[in-house]
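One-letter residues, chain by chain:
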Amino acid sequence: MLCAGVGRTLRFVAKMSTIDTSKELLNSAKREAARTAVDTYISNGQAVGIGSGSTIVYAVERLAERKKSENLDIVCIPTSFQAQELIINNGLTLTDLDRYPSLDVAIDGADEVDRNFVLIKGGGGCLTQEKIVATAAKTFIVIGDYTKDSSELGDRWKRGVPIEVIPMARIPVAAHIEKKLGGNAELRMAKSKMGPLVTDNGNFILDWKFNGSHDWASVHKFIKLIPGVVETGLFVDMASAVLLGMKDGSVKKIVR
Ligand SMILES: O=C[C@H](O)[C@H](O)[C@H](O)COP(=O)(O)O
């Protein structure tokens, strides 16, 4: 019995360490991509859009390092509450689109990137401000780890396309999408709070779990035209370059 118990413990420890290792690997891939992007695309005097999520944290850390080491002088435009906090807490200069309606570059993560440079974004609920900021930028750089690299959207990201909606429209919007495009458009629920997730703009998110492959530009246009839809997490024809950290420590760079 004792041996069996020890065996179970050992198996558990081995499993935990596999999870830890893969998480470390993922974080280090994110970090490499983020640092490479900052070192390649950011220079003095720029207005820079700052995305949201876990990968952008490493980019902001690198910007702060460069501010200290080489006096990098940039202004930053956030895409979310999280981005705003990151900019302030890392000692960077916070500004907005009122002052800088045209940006030099925006850097942001993605949930999935397909072979045609179409992105799914909004896993963290920040898609609308992210799309506004990316559209205002001359160059839009996407950073991520190797798990984001996909041939077809949906191959890797299983949580669907996020769609920000005005709260009162959530049911008709979901019905409209399901009738025309199939799949399921599910209201995203909050964690550690009862009820739906509320975006930085006071709206709800529908996660549309789709089947098969689609013409994503047409899908985006169809959904966007439904009354009550604020924005979709489909970023079509927007990314200038995608930098993905690989398992071996290298960074795969795909430029359009
Ligand atoms: O709403 C969240 C954003 O679109 C993120 O940029 C996206 O979910 C990727 O996040 P992460 O860098 O954590 O993979």
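Every chain begins its residue count from 1, and numbering advances along the sequence as written. Restriction of local features to residues with pLDDT of at least 70 applies here, the model being predicted, together with a cutoff of 80 or more for giving and counting side-chain atom pairs; totals for whole chains, interfaces and linings are based on all residues. Note that water and hydrogens are dropped before the side-chain values are worked out from all heavy atoms of the structure.

To be explicit about the condition: UniProt positions are given in the numbering used here, feature names are shortened, and annotations may be inferred rather than shown by experiment.
An unreviewed UniProt entry lists the chain under the name ribose-5-phosphate isomerase, with Clavelina lepadiformis as the source organism. A UniProt comment under Pathway (unreviewed entry) is attached to the chain, and it reads "Carbohydrate degradation; pentose phosphate pathway; D-ribose 5-phosphate from D-ribulose 5-phosphate (non-oxidative stage): step 1/1." Taken directly from UniProt, the Sequence similarities (unreviewed entry) text for the chain runs: "Belongs to the ribose 5-phosphate isomerase family."

## Some remarks on the site of the ligand
Rule in force here: By convention in these notes, a residue is near a molecule or strand provided one of its non-hydrogen atoms lies within 4 Å of it. Pairing of N or O atoms within 3.5 Å defines a polar contact, subject to two protein rules: one partner must be a possible hydrogen donor and the other a possible acceptor, and residues neighboring in sequence count only if both atoms are side-chain atoms. Using the Shrake-Rupley algorithm and a 1.4 Å probe, accessible areas are obtained, with residue cover drawn only from the displayed protein chains. A cavity, in this analysis, means grid points on a 1 Å lattice covering only the protein atoms where a 1.4 Å probe fits yet has no way out; a pocket is instead an open set bounded by protein on both sides within 12 Å along at least five of seven lines, and a residue lines either one if it has an atom within 4 Å of a point. If over half the atoms of a molecule are within 2 Å of the grid points of a cavity or pocket, the molecule is regarded as sitting in it. Three classes are used, and their members are as follows: Ala, Val, Leu, Ile, Met, Phe, Trp, Tyr, Cys and Pro are nonpolar, Asp, Glu, Lys and Arg are charged, and the others, Gly among them, are polar.
In the vicinity of the ligand lie 16 residues, with Ser54, Thr55, Asp111, Glu130 and Lys148 positioned nearest. Between the ligand and the protein, one listed contact pairs an oxygen atom with a side-chain N or O atom of Ser54 at 2.5 Å. A distance of 3.5 Å separates an oxygen atom of the ligand from a polar atom in the backbone of Gly123. Protein contact buries 91% of the 370 Å² of open area that the ligand shows by itself. Judged by the fraction of its atoms near the pocket grid, the ligand is located in the largest pocket. Within the shell around the ligand, the residues separate by chemical class into two nonpolar, nine polar and five charged.

## A few points about the pattern of salt bridges
Definition in use: Just to be clear on terms, a salt bridge is a Lys or Arg side-chain nitrogen sitting within 4 Å of an Asp or Glu carboxyl oxygen. The way it works is that DSSP assigns letters per residue, a run of H or I at least four long becomes a helix, a run of E at least two long becomes a strand, and they are numbered from the N terminus. Type-normalised accessible area, obtained with a 1.4 Å probe on protein chains alone, sets the label of each residue: buried when under 20%, exposed when over 50%, and partly exposed for intermediate values.
Inspection of the entire model under this criterion finds 16 salt bridges. Note that Glu65 is salt-bridged to Arg35, the shortest N-O span being 2.9 Å. One end of the pair, Glu65, is in helix α2 (residues 55–70); the other, Arg35, is in helix α1 (residues 2–41), and 30 residues separate them in sequence. On the accessibility criterion, Glu65 (34% relative accessible area) is partly exposed. Classification of Arg35 by relative accessible area gives buried; the value is 18%. Glu231 is paired through a salt bridge with Lys224; the nearest N and O atoms lie 2.6 Å apart.

## With respect to the nonpolar core
The condition is simple: In this text, buried Ala, Val, Leu, Ile, Met, Phe, Trp, Tyr and Cys residues form a nonpolar core when linked through side-chain atoms within 4.5 Å. Contacts: residue pairs with any heavy atoms within 4.5 Å of one another.
Ranked by internal contacts, the top residues of the largest apolar core, which has 25 residues, are Ile42, Ile50, Ile56, Leu63, Ile107 and Ile143. If you list the elements that add at least two residues to this core, you get α1, β1 (47–50), α2, α3 (81–89), β4 (103–108), β7 (137–145) and β13 (241–245). Sort the elements by how many residues they give to this core and α2 lands first, with five residues. Discounting residues that sit within four places of it in the chain, Ile42 has contacts with Ala37, Val48, Leu63, Arg66, Leu72, Ile74, Val105 and Ile107.

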